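A closer look at the structure
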Amino acid sequence: MNNKEKREPVTMNVKEIRQEIRAAVSMGEQIVVFISHTRERIKGIAGHSNDPKRVKITTDEGPVWVPISNVESVSRVIRLRIEGTTEE
């Protein structure tokens, strides 16, 4: 994809958003939440929230609670650990 091509946003339904967040919370993973109205991205560690209508994200600046109704999609950031030596 070159810089001139526009990428269509991926929209998830509420059930898919909740599933991704639950998986990220259980694995202690970082997520990127895309906000539908502002096109903003929030990156941080997925957290457990007692409020079923909001997502808790712990960012570098502190915790943020985002209404699920404002979330367009969630991406999980998965870190891979390479063990042993690699030959180049």
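In the block above lies the structure referred to throughout.
This section reports on the structure supplied with the text. (Residues numbered from 1 in each chain as written. Predicted model: local features only at pLDDT ≥ 70, side-chain atom pairs only at ≥ 80, totals over all residues. Heavy atoms only, no water.)

In spatial order, the strands read β4-β3-β2-β1-β5; together these five strands make up an open sheet with antiparallel pairing. With partners counted over all chains shown, the strands left at the sheet margins are β4 (62–67) and β5 (71–77), one partner each. For this sheet the average axis-to-axis angle between neighbouring strands, irrespective of direction, equals 45°. The pairing of strand β2 (residues 41–47) with strand β3 (residues 54–59) spans three bridges and is antiparallel. Counterpart to Gly47 in the pairing with β3 is Lys56. Relative to β5, helix α1 (residues 14–27) is tilted by about 30°, and along the sheet it contacts β1 (30–35), β2, β3 and β5. (Pairing = 2+ DSSP bridges. Helix = DSSP H or I, 4+ residues; strand = E, 2+ residues; numbered from the N terminus. Axes fitted to C-alpha atoms, helices over the stretch in contact; angles between N-to-C directions. Contact = heavy atoms within 4.5 Å.)

Time to look at the side chain of Glu29. Turning to its location among the elements, Glu29 is positioned in the loop between α1 and β1. Polar contacts involving the side chain of Glu29 include one to the side chain of Arg76, which spans 2.7 Å. Glu29 has contacts with Ala23, Ala24, Gly44, Ile45, Ala46, Arg76, Val77 and Ile78, leaving out every residue within four places of it along the chain. (Polar contact = N/O pair within 3.5 Å; in protein donor to acceptor, adjacent residues only side chain to side chain.)

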